[in-house]
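Residue-level structural notes
Chain residues, written in single-letter form:
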Amino acid sequence: MRSGDALLDHLFRRAGFGANAADLQAVAGMSYPAAVDYFVDFEKQPDDVDSKIGSPDYVSITTRGQFSPNTNIEDARQRWLFRMVHTRRPLQEKMALFWHNHFGIGYSKVAGAVGAVVGTKMMANKAGDLAGPQGHSGLLRQYALGKFRDLLIEVAKDPAMIVFLDGRTNTKAKPQENFGREVMELFTWGLGHYVESDVYAAARVFTGWNLRNVPGANANDPASYQEFLYNGAQHDTTAKTFTFPINGGANTIPARTAAAGMQDGIDFLTSLANHPETGRRLARKLWNYFVSDLEVPDPAFVEGVTNVYIQGDTDMRAVLRYILRSVWFTNTGNFNARYAWPAEFVARTIKEMGWTGFSVDTARTPLTNMGQTLFEPPNVAGWQLGRAWFGTGAMLARMNFAASVASNQKFNLARSFSATDRAQPDRVLNAMLQRLTPSAFSTSESNELIAYLNAGGPWTGSDTQMNAKAPGLARLVAGSGQYQFV
Amino acid sequence: MNVTRRDFIRDGVAAFTLSFAAPAFLADIARAQGVLSRNLVVIYLAGGNDALNTLVPYTDPFYYSRRPAIAVPAGQVLQIGSDASGKALGLHPRLAGLQTIFNQGRLAIVQRAGYANSSRSHFQGTDIWGTADPNNTAGLGWLGRYLDSIPPPMDPLSGWNTSGATYRALTGLTVSVPSITDPANYSFASPNTGAEAINERNSAIRIASSAGPDRPHLAFVNTSAMEAFATLDRVGSVVGYQSSVTYPNNGFAAALKTVAGSMVKGVGTRVYWVQTGGFDTHSGQGNAGGGGYATLMSTLGDGVLAFYNDLQNQGLLGSTLMVQFSEFGRRISENGSQGTDHGAASVMMAIGGGVRGGLYGTAASLDPNPSNPTLENAGSDVSYETDFRSVYAKVLDGWLGTDSSAILGGNFRAGAPAII
């Protein structure tokens, strides 16, 4: 819903998943910079969202037997959607989604290798819930606004990543290039800054980065897990030479003993993370995520972000504070200038239309039809963004999801209008546009919406009429092109 | 409202989309637009297909020495003869379906298809195969440009992407290829029923048709909505298609069955995109019977054979051409994970009633000697021999009846294998 301040609404759409009344209450009376700090310094808000799952005032989940978000991927998806709708730390959730797209790990391959229970734990085990390390998504939340270098190193050791990019079989006798290539092409500085020989050398750097299996009673035992293990016996101890400097020095990682060889990978990842080209690549992706994907990144923005990134020792919190306060972010021309990701569209539709008696499980199949299955990006490069979200079938899935929520919330929507508002169709429309937050409709488009309210018989504002027209109007607004932008 | 054929031709798609039901004549128009009512089904093997285990050079000793764990034993390949250089070749044992088609003379295999300085990146590689320009990974796609070239009125179903993802190959300037994974999900939902639902659908169509070029991004989104409205009924007609054969139970075969159904129902689609993934076989490839690659091969071979037989039974084989590609081939030597890393040239296939079957091009020698001219990257990878754009040119000129030079931005006919 709208706050009355377009800039604050913009902040909620971009740094969060839209706003409901409770969200607006939390920032009431704050200046804009204070509101940015509210988002960026998210640790000041409690991380209690998961404890609300199952409570009556929140969106529902669907249980099949026991709700098992650490060991059942469908339940893990429900938990993530629940968090998007109700978190009190929206930017943390928003950055977790950004990093999920950045690192592109898909559950299917992981589960295919280690089974559904251990695979789900690798993706989604919440720290402390079950034995073993926290899952990939927990890592993304923990380092959401931490130092990128730390995140990169943690992800390189992340069991999900080691399975996903075949680190388990990267040995000194037969180096395996999958991670060594993608860490340069996709996770850090991108194509154009390395050659094939660097890929071979990078593969050797990570030889021996492996996993230790801690089996439970059987493959379905929730106590089973795998954790990172550096196996010096499988590490290539010879020197590795690159076409670029390592840690600002020579182009070579020196020969090291097997016991000390893990430092090769740390040096290599540190060099990549600290490089300005990595800052630029992240800056371009952050532009598209936070500022605009209609316009190409402004070079001044890219350099500004890169400077903050380097001066802050790869600290993403400083980067995000800079971006959200910047002239590019606050420029009204960039409001509604990004194509909404399916997860954003779904979370915002629920937040704005209502959730009492609605289960996030209902959103799982539509999300797949819209092209975004959480924990299942199409490949390691993540999802194709922007216009690529809007295939015909995907847009139909969005319209139909709007219909599904509107249908479910039919009576809540019908009862939400004051007696004054329901007296006239144009007031009904205005109230609906305060509740839902599409970009502007033209006069003729608004007239079409009013024509819809008047279609089929004279306007009376009766309960019967509101029961049909309120959800119909909500579906038209949330299923419109205008609503597909954030 | 009723739209007559004359209204439609006069006012084009905008008038047509105001009606609910797609007029049956649209498919007739689509058919009439082409030289012939020919279909192209592009099959993409996502992840970089290991061509050497698809088409096995089972007499090359280096094939066995460089792939001790994953080579297909010579005794298990499905022999299909020798190529022009006299090298004996055989299909992976799980490709019995393709062997059947080969033996009917309707499978053409183009060896070592690719381009110079092959990208080892999935994403750059896929874009290059999409734009048909190794120097440009950001332009329009070759299939999108072809669909753009079809005379108006533009039919929003002229292309059909059966996968949920978007591919550069299908990106056109005026044509937006719909992504329709499951026709059964392709319907209009409303919180209301009866006349109220119709009011709502009317309003949705009018609102979606109102954005002009002054709001290009909104218009783009609205176009996808309009195309959904305009194609609902035709796509819906494919639901419940009774095929003449039983298709395997997997996503690839289901997509092919949908394609066959839409051809039988005459929806008018010219270009279909079907894909099957999992070809990024860095580990656990296996050799003949087991491992991940065997599963990939049976998915491919069994699915294509079911589709081929279905089309033959429906009398549509003669009007259908399947063309298979992948973004790159893989390293010759296996890695330590019983898999293979990213390589260079791969294999293309063409299948259909108009195909001149056989083996095209010559197999590489897998001798790792760096001076071996059929390899590159110090003997690591197979070098390309046939420019993939010459295959595209053959398809455009010889099958779709258009001018490949205009579509591909140059004349790539030289060296094109005579696959059709």
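For the structure itself, consult the block above.
Residues numbered from 1 in each chain as written. Chains lettered and ligands numbered in written order. Predicted model: local features only at pLDDT ≥ 70, side-chain atom pairs only at ≥ 80, totals over all residues. Heavy atoms only, no water.

1. Observations regarding the overall build of chain A
Going by this rule: Helix numbers and strand numbers start at the N terminus; a helix is a DSSP run of H or I with at least 4 residues, a strand a run of E with at least 2. Atoms counted for the radius of gyration: C-alpha only. Globule rule: 2.2 Å times residue count to the power 0.38. Throughout this description, buried means an accessible area under 20% of the type-specific maximum (1.4 Å probe, protein chains only), exposed means over 50%, and partly exposed covers the range between. By the convention used here, residues are in contact when the closest approach between their heavy atoms is within 4.5 Å.
Counting secondary structure elements, chain A contains 25 helices and 4 strands. At 24 Å, chain A has a C-alpha radius of gyration in line with the 23 Å of a compact globule built from 486 residues. For chain A, the spread of C-alpha atoms along the principal axes amounts to about 85 × 55 × 40 Å. In chain A, buried positions account for 62% of the 486 residues. Contacts in chain A between residues far apart in sequence, at least 24 positions, make up 72% of those at least 6 positions apart.

2. So, helix α13 (residues 262-274) of chain A
The condition is simple: Here, expected helix span is obtained from the residue count minus one, scaled by 1.5 Å.
Between its first and last C-alpha atoms α13(A) spans 19 Å; for 13 residues at 1.5 Å apiece the expected length is 18 Å, and the two agree. All buried positions along α13(A) are accounted for by A:Met262, A:Asp264, A:Gly265, A:Ile266, A:Asp267, A:Phe268, A:Leu269, A:Thr270, A:Ser271, A:Leu272 and A:Ala273.

3. Observations concerning the sheet that holds strand β2 (residues 55-56) of chain B
All names here are of chain B. As a reminder, the rule being used: Pairing between strands requires that DSSP locate at least two bridges from one strand to the other. Only the stretch in contact is used when fitting a helix axis, every axis being a line fitted to C-alpha atoms; angles between N-to-C directions are given from 0 to 180 degrees.
Taken together, the 3 strands give an open sheet; going across it, the order is β2-β4-β3, and neighbouring strands pair in antiparallel fashion. With one partner strand each, in any of the chains shown, β2 and β3 (78-82) form the two edges of the open sheet. Strand direction decides the pairing type here: β2 and strand β4 (residues 88-91), joined by 2 bridges, are antiparallel. Note on β4: the bridge partner recorded for Leu-55 is Leu-91. Along the sheet, helix α6 (residues 96-103) makes contact with β3 and β4, crossing β3 at roughly 40°.

4. Some points on the packing of aromatic side chains
Threshold: Note on aromatic contacts: the rings of Phe and Tyr and the six-membered ring of Trp form a pair at centre separations within 6.5 Å, being stacked when their planes are under 30 degrees apart, edge-to-face when over 60 apart, and tilted otherwise. Working rule: Lys NZ or Arg CZ, within 6 Å of ring centre, within 35 degrees of ring normal, means a charge sits over the ring.
Applying the stated rule across the entire model yields 45 aromatic pairs over all chains. On the basis of an interplanar angle of 35° and a centroid distance of 6.2 Å, the ring pair of B:Trp160 and B:Tyr272 is categorised as tilted. Of the two residues, B:Trp160 is situated in strand β6 (residues 159-161) and B:Tyr272 in strand β7 (residues 271-276); the sequence distance between them amounts to 112 residues. Both residues of the pair, B:Trp160 and B:Tyr272, count as buried. Lying across the ring of A:Trp80, A:Arg141 places its NZ or CZ 5.2 Å from the centre. Sitting over the ring of A:Tyr483, A:Arg348 keeps its end group 4.1 Å from the ring centre.

5. Looking at the side chain of B:Glu196
Looking at the element boundaries, B:Glu196 is found in helix α9 (residues 194-208). If near-sequence neighbours (up to four positions away) are discounted, B:Glu196 is found in contact with A:Tyr452, A:Ala455, A:Ala468 and A:Lys469.

6. Focus: the interface of chain B and chain A
Convention followed: The quantity reported as buried area is the accessible area (1.4 Å probe) lost by two parts once they are put together, taken as the sum for both. Put simply, a salt bridge is a Lys or Arg side-chain nitrogen that is within 4 Å of an Asp or Glu carboxyl oxygen.
Taken together, the 51 residues of chain B in the interface contact 56 residues of chain A. Counting the surface lost from both chain B and chain A, the interface buries some 4300 Å², and carbon and sulfur atoms represent 56% of this. Interface area lost by chain B to chain A is led by B:Phe123, B:Pro191 and B:Ile207, which between them contribute 15%. Run the count over chain B and chain A and you get 6 salt bridges.

7. Here we look at the pairing of strand β9 (residues 346-352) of chain B
All names here are of chain B. In terms of burial, β9 is largely enclosed, as 7 of its 7 residues are buried. Where strand β5 (residues 107-114) lies against β9, 5 bridges are found, and the strand directions are antiparallel. Each bridged residue has a counterpart across the sheet, and for Ala-113 the counterpart in β9 is Ser-346. Bridge count for strand β8 (residues 320-325) against β9 is 4 bridges, and the pairing is antiparallel. For Met-322, the partnering residue across the bridge sits in β9 and is Ile-351.

8. Some words on unusual backbone geometry
Residues and elements named next belong to chain B. Cis peptide bonds are those with omega within 30 degrees of zero, and the linkage from Pro-152 to Pro-153 qualifies with 5°. Relative to the elements of secondary structure, Pro-153 occurs in the loop between α8 (142-149) and β6. One non-glycine residue, Arg-112, lies in the positive phi region at around 50°. Here Arg-112 lies in strand β5. Not every positive phi belongs to a glycine, and Ala-378 is a case in point at roughly 55°. When you line up the elements, Ala-378 lands in the loop between β11 (375-376) and β12 (381-382). Ala-378 sits in the exposed class, given a relative accessible area of 62%.

9. Here's the deal with the pattern of salt bridges
The full count for this structure, using the stated rule, is 54 salt bridges over all chains. Put simply, B:Glu385 and B:Arg112 hold a salt bridge, and the shortest N to O gap is 3.9 Å. One end of the pair, B:Glu385, is in the loop between β12 and β13 (386-387); the other, B:Arg112, is in strand β5, with 273 residues separating them in the sequence. Exposure remark for B:Glu385: the relative accessible area of 34% places this residue in the partly exposed category. Assessed through its relative accessible area of 10%, B:Arg112 is described here as buried. Residue B:Arg234 pairs with B:Asp155 through a salt bridge whose shortest N-O separation is 2.7 Å. Taken together, the residues B:Arg234 in helix α10 (residues 216-236) and B:Asp155 in the loop between α8 and β6 connect sequence positions 79 residues apart. Connected through salt bridges with shared partners, the residues A:Glu177, A:Arg181, A:Glu196, B:Arg120, B:Arg331, B:Glu376 and B:Asp381 form a single ionic network.

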